[in-house]
Amino acid sequence: MEKDTATKYSKVSREEDIPRMPNYDARPPVVTTGCEVVDSKGGQVKLNDRGTWSGKLDFVLALIGFSVGLGNVWRFPYLCYKNGGGAFLIPYFTCLLFGGIPLVIMEVAMGQYTSQGGITCWAICPIFKGIGVASIVIIQFLNYYYNIILAWAIFYMFKSFTRVLPWSHCDNSWNTPNCANFSFIADVRKENGTLIEIDGQNYTIIDGKVNGTKLVPAVIEFWERKVLKIHLSDGFDDLGGMNWEMVGCLFLAWVIIYFCIWKGVKSTGKVVYFTATFPYVLLTILMIRAVTLEGAKDGLIFYLKPNTTKLAESEVWMDAATQVFFSYSIGLGTWCALSSFNKFHHNFWRDCIVFIAVNSGTSIYAGIVIFSVIGFMSVTQGVPIDEVARSGPGLAFVAYPEGIAQMPIAPLWSIMFFFMVLLLGIDSQFVGVEGLVTAIVDLFPTYLRRGHRKELFILGVCIWSFFIGLTMVSYGGMYVFQLFDYYSASGSALLWIAFFEAIAIGWVYGPNNFLNHFEEMLGFRVRGYWLRICWMLFTPLFAVGIFLFSLIEYNHLEYTSFHETYRYPTGGYVFGWMLAVTSMCMVPLIAGIQFYQAEGTFNERLKYLTTSRLPPREKNEEIFGLENRAEKGEPPISIINSGNVTPPPSYPEAVDGTKRPYRSAMTMWL
């Protein structure tokens, strides 16, 4: 770029030309694609390309890859059978309609319109910037512990490369004298109340116990004594030593994550074509095998048979709400980050519809596979299905491996299953890290979009997260893992963020204003009567109602192993609530800091902080959006002081000094 051209177009971008109230909120420099911009000191800085999705399917596959994950495989099927089978779909889709879908569309649209990550996109309503900060805190906590699940999957997959699966027998170094394989335990259950002879010795069987001793399934001992090694820890306050095999698996997991995202969306957009689609191939193969097993029909009936009496229980609706928020990753700021890489006129509306259908469909589809195998296990072991089914990690790493071990060619099915679990987890993890990185890079573009700084920053995030994760691969690491899982990214924290998101758009920025942006991006009018009602009424009421219910029905976290139930010490619960409050307090804290630093009377400060500070966009269709203009090789323009701009309704004054009609964004919805 020639010097005079750069000077011409960067002159108006200096901070002294930007109208603002307090100094703390200076407008950031104009950040376009691969061009020179003016930093806060008036110098010219060469910034790297922020990047956009290169393929038409990149964005929707990234949505599917991040949100469709392990929760769809191990949580939804369990909740479905627990809460009335097919009847559970009624509260599930009700919560999805009034809470999930409106917020997904809101976050995706906000990211695409602003072309910013999860924090800076809230320039649309500055008083709620704390929502973005809270989201980043939650996603970072999630990144700490989610990769532990990938480490478990890697470990199981490596152990599957053998002729006989190690959790199918008791001839291992970690097994105890009380260990028994699934076939022996099934025989014991059938011979209850009798005297049997084994290897010349008499054994009395009463209530499944042999000579008064409870038998431990081999798969349980593999999970607790080999994978977790939790028997070497006395609890949360005694983590013990490191499980070095799991340390190696965790390190490998973070290496994979780093190389999936180190080049930004250019690498992420290519990886998701495999990680988001191939699990469906594996899931389909597993389903074909599962539904042909003996007892599969019983498992499916147990899974989907409606029990409408359950709908009267409040816990059912709570489970449905938390599943929707968890499986759709609402409140994490990642949808804003992913959609910020879209072209300004990308049809995000179509992609959201596709994503929502795939996400919920996958949950139901995965349940068919899981409960077909559980029905098979029930028949072979001679026990009721509800004694076989488990929730959470126990389903993926205990119940399902045990079922696989009973199949012909068990190692093959085991490798396929855990490779599927690994792929489902990988794209959820690396897209989550990408969301965190995007938010921070957009917050400090002149520092992190220069040279190889972004790659080094991503490396630093991965290394830091790896060291935090080491606490969860110690002997007592499961106790730490459960605290992070239960508190840091819990339903309460996500519902808290969802409530303020709905208030910000529905009552402060204005749903009409927001839907006008839809028309700018899509080229057609979205009437959005249902979206207006949800953002203003149903979604905030839904979020605050479920949030209060979760607090009223709060139960202390416990860890249940095969032998005992562990109750955390007071310090464990304090640590857990600190994880939850750390994110939740950001919304009022950031709002309070901004209000304190603003100038003027109370009403002036409130008006200032509820007024959008998004830069106006150009009228010219050919150069709509800063990133699109730079892609055409044209020089950067001022988004502040150009004559060819139209301030949005909430922009109070053009910087050329001319007054424009203005109504506070707080009343625009009227």
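Anything mentioned here points back to the structure above.
Described in the following lines is the structure provided in the data block. Being a predicted model, the structure only gives us computed values, none of them experimental. (Residues numbered from 1 in each chain as written. Predicted model: local features only at pLDDT ≥ 70, side-chain atom pairs only at ≥ 80, totals over all residues. Heavy atoms only, no water.)

**Looking at the pattern of salt bridges**
Phase 1: Considering all chains together, one arrives at six salt bridges under this definition.
Phase 2: The shortest N-O distance in the salt bridge between Lys 226 and Glu 245 comes to 3.0 Å. Placement of Lys 226 in helix α7 (residues 218-228) and of Glu 245 in helix α8 (residues 244-261) is noted, with a sequence separation of 19 residues between them.
Phase 3: Looking at Glu 245, the relative accessible area reads 33%, which means it is partly exposed. (Salt bridge = Lys/Arg side-chain N within 4 Å of Asp/Glu carboxyl O. Helix = DSSP H or I, 4+ residues; strand = E, 2+ residues; numbered from the N terminus. Buried < 20%, exposed > 50% of the residue type's maximum accessible area, 1.4 Å probe, protein only.)

**A closer look at the state of the cysteines**
Phase 1: Applying the stated rule across the entire model yields one disulfide.
Phase 2: For Cys 170, the disulfide goes to Cys 179, at an S-S distance of 2.1 Å. Across the S-S bond of Cys 170 and Cys 179 the torsion is about -75°, and the bridge reads as left-handed.
Phase 3: Here Cys 179 falls in the buried class, since its relative accessible area comes to 12%. (Disulfide = S-S within 2.5 Å.)

**Brief notes about helix α12 (residues 314-327)**
Phase 1: Taking 1.5 Å per residue as the helical rise, α12 with its 14 residues ought to reach 20 Å, and the 20 Å between its terminal C-alpha atoms agrees with that figure.
Phase 2: Across the 14 residues of α12, ten count as buried, placing the element largely inside the fold.
Phase 3: Residues Val 316, Met 318, Asp 319, Ala 320, Ala 321, Thr 322, Gln 323, Val 324, Phe 325 and Ser 327 constitute the buried set of α12. (Expected span 1.5 Å × (residues − 1).)

**Considerations on unusual backbone geometry**
Glycine aside, residues mostly have negative phi, and peptide bonds are mostly found in the trans state.
Phase 1: A positive phi angle, close to 55°, is found at Ser 115, a residue other than glycine.
Phase 2: Inspection of the secondary structure assignment puts Ser 115 in the loop between α4 (89-114) and α5 (129-159).
Phase 3: Although it is not a glycine, Ile 409 adopts a positive phi angle of roughly 55°.
Phase 4: Tracing the chain through its elements places Ile 409 in the loop between α16 (393-405) and α17 (410-443).

**Re the environment of Ala 504**
Phase 1: Note that Ala 504 resides in helix α21 (residues 491-509).
Phase 2: The spatial distance from the C-alpha of Ala 504 to the C-alpha of Ile 131 is 9.6 Å, given a sequence separation of 373 residues.
Phase 3: The contact partners of Ala 504, leaving out residues within four places of it in the chain, are Trp 122, Cys 125, Phe 128, Tyr 509 and Gly 510. (Contact = heavy atoms within 4.5 Å.)

**So, a nonpolar patch on the surface**
Phase 1: Taken together, Leu 548, Leu 551, Ile 552, Trp 577 and Val 581 make up a surface patch of nonpolar side chains, about 460 Å² in accessible area.
Phase 2: Contributing elements (two or more residues each) for the nonpolar patch: α23 (529-552) and α24 (570-584).
Phase 3: It is α23 that provides the largest number of residues to the nonpolar patch, a total of three residues.
Phase 4: Along the chain, Ile 552 falls in helix α23.
Phase 5: Accessibility expressed as a relative area gives 66% for Ile 552, which makes it exposed. (Patch = residues over 30% accessible without salt bridge, like charges linked within 9 Å, V, L, I, M, F, W, Y side chains within 5 Å. Areas by Shrake-Rupley, 256 points an atom, 1.4 Å probe, with all protein chains shown as cover.)

**A closer look at the packing of helix α22 (residues 511-522) against α23**
Phase 1: For the pair α22 and α23, interaxial distance at closest approach is 10 Å and the crossing angle is 135°. Classed by the angle they form, the pair α22 and α23 counts as oblique. Regarding α22 and α23, the two cross each other, and that crossing is right-handed. When α22 is examined against α23, the residues Pro 511, Asn 512, Phe 514, Leu 515 and Phe 518 are found in contact with a partner set consisting of Leu 531, Arg 532, Trp 535 and Met 536. (Axes fitted to C-alpha atoms, helices over the stretch in contact; angles between N-to-C directions. Parallel < 35°, antiparallel > 145°, perpendicular 65-115°, else oblique. Left-handed = near helix turned anticlockwise from the far one by under 90°.)

**Considerations on the packing of aromatic side chains**
Aromatic ring pairs are described here by two measures, namely the spacing of the ring centres and the angle between the planes.
Phase 1: For the structure shown, the criterion picks out 59 aromatic pairs.
Phase 2: The interplanar angle of 20° and the centroid separation of 4.1 Å between the aromatic rings of Tyr 400 and Phe 417 together place this pair among those described as stacked. One end of the pair, Tyr 400, is in helix α16; the other, Phe 417, is in helix α17, and 17 residues separate them in sequence.
Phase 3: A relative accessible area of 2% means that Tyr 400 is categorised as buried.
Phase 4: You can call Phe 417 buried: its relative accessible area is 1%.
Phase 5: Seen in terms of ring centroids, Phe 499 and Phe 500 are 5.2 Å apart; in terms of plane orientation they differ by 75°. Their pairing is edge-to-face.
Phase 6: Take Phe 500: its relative accessible area is 19%, and that puts it in the buried class. (Phe/Tyr/Trp six-rings, centres within 6.5 Å; stacked < 30°, edge-to-face > 60°.)

**Section: empty space enclosed by the protein**
Phase 1: Tallied over the entire structure, the rule returns eight cavities of 30 Å³ or more.
Phase 2: Lining of the largest cavity is provided by 18 residues; of these, Phe 66, Leu 142, Tyr 146, Phe 326 and Ser 329 occupy positions nearest its centre.
Phase 3: Of all the secondary-structure elements, those providing two or more residues to the lining of the largest cavity are α2 (58-67), α3 (70-82), α5, α12 and α17.
Phase 4: Of the residues assigned to the lining of the largest cavity, the class counts are nine nonpolar, nine polar and no charged. (1 Å grid on protein atoms, 1.4 Å probe; cavity = no way out; pocket = protein on both sides within 12 Å on 5 of 7 lines; lining within 4 Å. Points joined across faces, edges and corners; volume = space filled by probe spheres on them. Nonpolar A, V, L, I, M, F, W, Y, C, P; charged D, E, K, R; others polar.)

**What about the nonpolar core?**
Phase 1: Core analysis: the largest hydrophobic core is formed by 199 residues, its most contacted members being Trp 152, Trp 223, Phe 514 and Phe 518.
Phase 2: A total of 21 residues in this core trace back to one element, the largest contributor, which is α5. (Core = buried A, V, L, I, M, F, W, Y, C linked by side-chain atoms within 4.5 Å.)

**Topic: the side chain of Ser 363**
Phase 1: With respect to the helices, strands and loops of the structure, Ser 363 is situated in helix α14 (residues 348-381).
Phase 2: Relative accessible area serves as the criterion here: at 0%, Ser 363 is assigned to the buried category.
Phase 3: Of note is the side chain of Ser 363, whose polar atom sits 2.7 Å from the side chain of Asn 72.
Phase 4: Excluding residues that lie within four positions of it along the chain, Ser 363 makes contacts with Asn 72, Phe 76, Pro 77, Tyr 92 and Tyr 303. (Polar contact = N/O pair within 3.5 Å; in protein donor to acceptor, adjacent residues only side chain to side chain.)

These values are about where atoms sit, not about what they do.
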